[in-house]
Number of protein chains: 2
Amino acid sequence: MTKPILYDYYRSSAAFRVRIALNLKGVDYEPVSVDLRQGAQKGADYRARNPQGLVPMLEMNGMRLTQSLAIIDWLDTAVPQPRLIPADPAGRAHVMALALAIACDIHPLNNLRVLNYLSGPLEQPEDARNAWYAHWISEGFTALEAMSAPRARRFLFGDTPTLADICLVPQMYNARRFHVPLEAYPTLVRIDAEASGLDAFAAAHPDKVAPAA
Amino acid sequence: MTKPILYDYYRSSAAFRVRIALNLKGVDYEPVSVDLRQGAQKGADYRARNPQGLVPMLEMNGMRLTQSLAIIDWLDTAVPQPRLIPADPAGRAHVMALALAIACDIHPLNNLRVLNYLSGPLEQPEDARNAWYAHWISEGFTALEAMSAPRARRFLFGDTPTLADICLVPQMYNARRFHVPLEAYPTLVRIDAEASGLDAFAAAHPDKVAPAA
């Protein structure tokens, strides 16, 4: 594989997922920061490359891949080891369901463009935004804990990290940033700590990739 | 395959997707309606089966599959023809990105639990809820039109329906229900009409599966 360019933003959960996956696969990449706080993703230059105006995007050999889960699924074929989505259909369905429970049912409600809509057009004060944020994480994590606990091992599925753990760790990072209580989710807390101890996860952490102040 | 049970709700977009996929695969299923308006998905009985308390869920042989995209991905392995997610990695990544652009970036912002939060805790009047609904569809469809147009053929990817079309049609149904203008999305409108003309899509339509009044 030629060295890909990752259009990235250090605090984007979706970009954080792709950084972890690239690290787990041992793929060296060139990060290009797209400053979401400054609105760089809305510029004509970036939109021409990625009409959604979102990060992450992975570019190589004239291909532009968007959507973190699609990128990681593609990467699992391009670089088969270590496997991030199980090959057996039942395991694969469980890992995908856990990942989508985060990627569809928690994260989209809490990303920056939504928070901006709450404070802009809906004129919501900061405490209402924070309550919104905490509400969707609590709803989502309550379900995820119940879905995960019966089948979790060292990680959410088996003894090596999968796409599910790759989605969990950035979501836990967001929960902590917004001071969401986590005591009710012992499986998620344990696995987040386990995964965060791995080099591939640690090196992808926002604090490690943040632009110098 | 033994006949699966589909926990379903006629107006759920995510359940609509799975109905289309089952029909395209020619899989006969037993629908069980979970009345979201009545809160049946929050009952202890359903939550014990599916901790997320969402539809759809597909149950068979003691397996319970949740999350519409995970169910359809599983179905594509269990019943390989007709293929709904392309086998070639680049095509697969494009179809997944289109599907996720709907499933992650439009639909979660507009489903019933979110609208209930807007009218409940945030005390938003109906016109603010409708503006919210239209905003996320317009944002999402503008991007999706630009992502799709250069590569679309009869369908969003190629000449047979894929997971991307399966996500598009229910989202277009939602857009029309909320009177969102669609003139700016000619590719999406054309392909929605094309797909909706197929028996598998038509038979899955909410109006066809709605409980008798």
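Presented here is a report on the structure given in the accompanying data block. Quantities reported herein were computed from a predicted structural model and do not represent experimental measurements.

1. Notes on the state of the cysteines
Inference 1: Counted according to the given criterion, the structure contains zero disulfides over all chains.
Inference 2: Its sulfur unpaired, cysteine 104 of chain B is 3.5 Å from the next cysteine sulfur, which belongs to cysteine 104 of chain A.
Inference 3: Among the cysteines around cysteine 167 of chain B, which has no disulfide bond, cysteine 104 of chain A carries the closest sulfur, lying 8.9 Å off.

2. Some words on the sheet that holds strand β1 (residues 5-8) of chain A
All names here are of chain A.
Inference 1: Read from one edge of the open sheet, four strands run β2-β1-β3-β4, paired in mixed fashion. Edge positions in the sheet fall to β2 (30-33) and β4 (63-66), since each has one partner strand and no second. Between one strand axis and the next, the sheet turns through 20° on average, direction left out of account.
Inference 2: Summarising the sheet, β1 and β2 pair through four bridges and their orientation is parallel. The residue of β2 that forms the bridge with aspartate 8 is serine 33.

3. A closer look at unusual backbone geometry
Inference 1: Put simply, valine 55 of chain A and proline 56 of chain A share a cis peptide bond, and its omega is 5°.
Inference 2: Considering the arrangement of structural elements, one finds proline 56 of chain A in the loop between α2 (44-49) and β3 (57-60).
Inference 3: For asparagine 61 of chain A, which is not a glycine, the phi torsion comes out positive at approximately 50°.
Inference 4: Its place among the elements puts asparagine 61 of chain A in the loop between β3 and β4.
Inference 5: Judged by its relative accessible area of 60%, asparagine 61 of chain A is exposed.
Inference 6: Phi is positive for glutamine 67 of chain B, close to 70°, though the residue is something other than glycine.

4. Regarding the packing of aromatic side chains
Inference 1: Scanning all chains against the criterion turns up 17 aromatic pairs over all chains.
Inference 2: A centroid spacing of 5.7 Å and a plane angle of 55° characterise the contact between tyrosine 7 of chain A and tyrosine 46 of chain A, whose relative ring orientation is tilted. Of this pair, tyrosine 7 of chain A sits in strand β1 while tyrosine 46 of chain A sits in helix α2, and the two are 39 residues apart along the sequence.
Inference 3: Note on tyrosine 7 of chain A: relative accessible area 7%, which makes it buried.
Inference 4: Ring geometry for tryptophan 132 of chain B versus tryptophan 136 of chain B: centroids 5.6 Å apart, planes at 75°, classification edge-to-face. In this pair, tryptophan 132 of chain B and tryptophan 136 of chain B are both assigned in helix α7 (residues 126-148), four residues apart and thus about one turn of the helix distant. Tryptophan 136 of chain B matches tryptophan 132 of chain B in its accessibility class, with the two residues each being buried.

5. A few points about the relation of the copies chain A and chain B
Inference 1: The transformation that overlays chain A on chain B combines an axial shift of 0.0 Å with a rotation of 180°, and the residual RMSD is 0.0 Å. Put plainly, the chains are arranged around a two-fold axis. Minimal C-alpha distance to the rotation axis in chain A is attained by cysteine 104 of chain A, lying at 2.3 Å.
Inference 2: A share of 100% of the interface residues of chain A reappears at the interface of chain B, consistent with the copies meeting face to face through the same patch.

6. Focus on the interface of chain A and chain B
Inference 1: If you look at the interface, chain A gives 40 residues, while chain B gives 40 residues.
Inference 2: Both faces combined, the contact of chain A with chain B buries some 3,700 Å², and carbon together with sulfur accounts for 69% of it.
Inference 3: The interface formed by chain A and chain B holds six salt bridges in total.
Inference 4: Aspartate 105 of chain A is paired through a salt bridge with arginine 113 of chain B; the nearest N and O atoms lie 4.0 Å apart.
Inference 5: Counting every contact that joins chain A to chain B gives eight residue pairs in polar contact (both at pLDDT 80 or more).
Inference 6: Those elements that provide at least two residues to the side of chain A that touches chain B are β4, α3 (68-78), α4 (89-103), α5 (107-110), α6 (112-119) and α7 (126-148) of chain A.
Inference 7: Grouping the constituent residues of the side of chain A that touches chain B by class yields 29 nonpolar, six polar and five charged.

About the thresholds
- Residues numbered from 1 in each chain as written.
- Chains lettered and ligands numbered in written order.
- Predicted model: local features only at pLDDT ≥ 70, side-chain atom pairs only at ≥ 80, totals over all residues.
- Heavy atoms only, no water.
- Disulfide = S-S within 2.5 Å.
- Pairing = 2+ DSSP bridges.
- Helix = DSSP H or I, 4+ residues; strand = E, 2+ residues; numbered from the N terminus.
- Axes fitted to C-alpha atoms, helices over the stretch in contact; angles between N-to-C directions.
- Buried < 20%, exposed > 50% of the residue type's maximum accessible area, 1.4 Å probe, protein only.
- Phe/Tyr/Trp six-rings, centres within 6.5 Å; stacked < 30°, edge-to-face > 60°.
- Least-squares fit on C-alpha atoms with pLDDT ≥ 70 in both.
- Contact = heavy atoms within 4.5 Å.
- Buried area = accessible area lost by both parts, 1.4 Å probe.
- Salt bridge = Lys/Arg side-chain N within 4 Å of Asp/Glu carboxyl O.
- Polar contact = N/O pair within 3.5 Å; in protein donor to acceptor, adjacent residues only side chain to side chain.
- Nonpolar A, V, L, I, M, F, W, Y, C, P; charged D, E, K, R; others polar.

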